[in-house]
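Residue-level listing of the chains:
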Amino acid sequence: MTRRLVLVVSLVVALCATVVATATADVEADIGLEIRLPLPALPLGPGPLYPLDNYGPRADDNAVLRWSEQSLAAIRALKTGPTINARALAIVHTAMYDAWAVYDAKAVGTRLGGSLRRPEAERTDAYKSQAVSYAAYRALLNLFPARSADFRGLMTGMGYDPDDASTDPASPTGVGNQAAAAVLAFRAGDGSNQAGGYADTSGYVPVNTPDQVNDPFHWQPLRFVDASGNTVVQKYATPHWQNVTPFALTSPNQFLPPGPTLRTLLLLDQEVTDTLLQSATLTDLSKVRAEYWADGPASETPPGHWMLFGGAAARARGYTLDQSVKLTFALANAELDASIAAWNAKRRWDYVRPITAVRHRMKGKLVLAWAGPYKGTRLIMGETWHPYQATTFPTPPFPEYVSGHSTFSGAGARVLQQFTGSDLFGARVTVRPGTSFIEPGATPLLPAVLLWPTFSMARDEAGNSRRQGGIHFPDADVHGRNLGASVGQNAWTKAQTYFNGTAGG
């Protein structure tokens, strides 16, 4: 049976993305020339795939990369949020680094310093692999106990006894177990409230309700139907995160961004116009980018995405275990600090998301925008506008400014540039036809290749994709990239002190 695809060639006026008119709520009009092409039935795929073309996980990955991938798999399965994931990745990779440092001539760990340093004869990949594996295993058991069977399976598959709880510093098992225990003890009271399920400890109360916009400049929790068919109301995810102990930041305000510049209703409407222009001009490629970078539920989320890139860079360059553990340690901790800095800004400004701004400011008016799956660009009522997102996840559950994606990406790109000594990346992802999770079977029409010759290009595409998807305004993206770069450089500088042995305990 043949599936037919409607391609809408939209007539878009560059300087005006909205058409204002008085109309009833049931008014909807097609705009543009329709070209109908026969399209063979396509398999409904899961959307953009996580592994990178050429540089995805390999059977010969070293122990650090294998446990990094295991961490990302747990994050995808448990659908934990970006801040929680940034912290978890930092803990796992710090535990591995601290265990590895015992077998280095000058590096010191973050918690035990150089107190467990082993003799030169033991500085082999076999010892290091065993030590970092026990460290990662113990950390993951604490962070994601629901996935313990997966972690045990990897341990046994690597030839290690998952029940060996030795703390003997003369054995790599004991080193790994001790390193993890010290990191976990330090993080137990770091302000994240892990013991309380990461519940808010700051007493945040939203200004707006799902049914009433009391202040158009503030975040509004939305009511929607989730993937399980349940009606839910959004709850701000980890509004207390600015209180989490950072890796290198001296304060969550250390690199505080300037805040949204548009603070009048007239200027807010300019942001709305930009959002609608992005929506009305969506193409197959911009849709693919918006979906690839969405990093929502069931993904590794933005901090994990950059850890995935870190693994790709390590494979592309043939990095040893020693190089991999240093890279992922610096990268994961930069992502932790990015989460703290970004969520500090989100809490400080509590800024409105585009979905609320468009629906509130354009209520009762016709707007030209993407009208929903398979509908293309049409005139729709402003209060019905929806970002290019699944209806079961209309927009992230926290304020808009600054963009977490842009901050995580700015930090990740900076650490990767510094560690590799170059901006060159050379990675790509091929998205198969019809594998969209928003428009399955139809988008993209042809295979789409996302190619990032440089880390900077990946960073910029990540930020831009959030505007294309209707999730962020320009200020949040640009300021987020700058914030991330500062945070990443700061974390990189701090990591060097552990690598060269000059850091305190």
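Draft legend 1. Highlighting the packing of helix α11 (residues 404–420) against helix α12 (residues 455–468). Packing of α11 against α12 brings their axes to within 9 Å, and their N-to-C directions diverge by 175°. Considering the angle they form, α11 stands roughly antiparallel to α12. Counted together, His405, Ser406, Ser409, Gly410, Ala413, Leu416, Gln417 and Thr420 of α11 and Phe455, Ser456, Arg459, Ala462, Gly463 and Arg466 of α12 form the full contact between these two elements. When grouped by side-chain class, the residues that make up the contact of α11 with α12 number four nonpolar, eight polar and two charged.

Draft legend 2. Up close: the packing of helix α2 (residues 82–101) against helix α9 (residues 321–349). Remark: α2 packs on α9, axes separated minimally by 8 Å, with the N-to-C direction vectors making an angle of 150°. Of the possible angle classes, the one that applies to α2 and α9 is roughly antiparallel. The hand of the α2/α9 crossing is left-handed. Contacts from Pro82, Thr83, Ala86, Arg87, Leu89, Ala90, His93, Thr94, Met96, Tyr97 and Trp100 in α2 reach Leu321, Asp322, Val325, Lys326, Thr328, Phe329, Ala332, Asn333, Glu335, Leu336, Ser339 and Trp343 in α9. Tallied by class, residues from the contact of α2 with α9 come to 13 nonpolar, six polar and four charged.

Draft legend 3. Structural context of unusual backbone geometry. In this structure, the amide linkage connecting Tyr401 to the following residue, Val402, adopts the cis form with an omega of 0°. Its location among the elements puts Val402 in the loop between β7 (377–381) and α11. Of the consecutive residues Thr443 and Pro444, the connecting peptide bond is found in the cis state with omega at -10°. In this model, Asn193 sits at a positive phi of 65°, which is unusual for a non-glycine residue. Topologically, Asn193 is positioned in the loop between α5 (172–187) and β4 (223–225). Of note, the phi angle at Thr301 is positive, near 60°, even though the residue is not glycine. Mapped onto the secondary structure, Thr301 falls in helix α8 (residues 301–316). Given a relative accessible area of 4%, Thr301 falls into the buried group.

Draft legend 4. Highlighting the nonpolar core. Counting 128 residues, the largest nonpolar core has Leu52, Trp67, Tyr97, Phe309 and Trp452 as the members making the most contacts within it. In terms of residue count, the dominant contributor to this core is α9 (16 residues). Not counting residues up to four positions away in its chain, the partners in contact with Trp452 are Leu52, Tyr292, Trp293, Phe309, Phe425, Gly426, Ala427, Arg428, Val429, Met457, Ala458 and Glu461.

Draft legend 5. Molecular detail of the confidence of the model for the protein. With 89% of its residues at a pLDDT of at least 70, the protein reaches an overall mean of 90. Within the model, the stretch residues 1–49 combines pLDDT values under 50 with 103 contacts to residues more than four positions away or in other chains.

Rules used in this analysis
Residues numbered from 1 in each chain as written. Predicted model: local features only at pLDDT ≥ 70, side-chain atom pairs only at ≥ 80, totals over all residues. Heavy atoms only, no water. Axes fitted to C-alpha atoms, helices over the stretch in contact; angles between N-to-C directions. Helix = DSSP H or I, 4+ residues; strand = E, 2+ residues; numbered from the N terminus. Parallel < 35°, antiparallel > 145°, perpendicular 65-115°, else oblique. Contact = heavy atoms within 4.5 Å. Nonpolar A, V, L, I, M, F, W, Y, C, P; charged D, E, K, R; others polar. Left-handed = near helix turned anticlockwise from the far one by under 90°. Buried < 20%, exposed > 50% of the residue type's maximum accessible area, 1.4 Å probe, protein only. Core = buried A, V, L, I, M, F, W, Y, C linked by side-chain atoms within 4.5 Å. pLDDT = per-residue confidence, 0-100.

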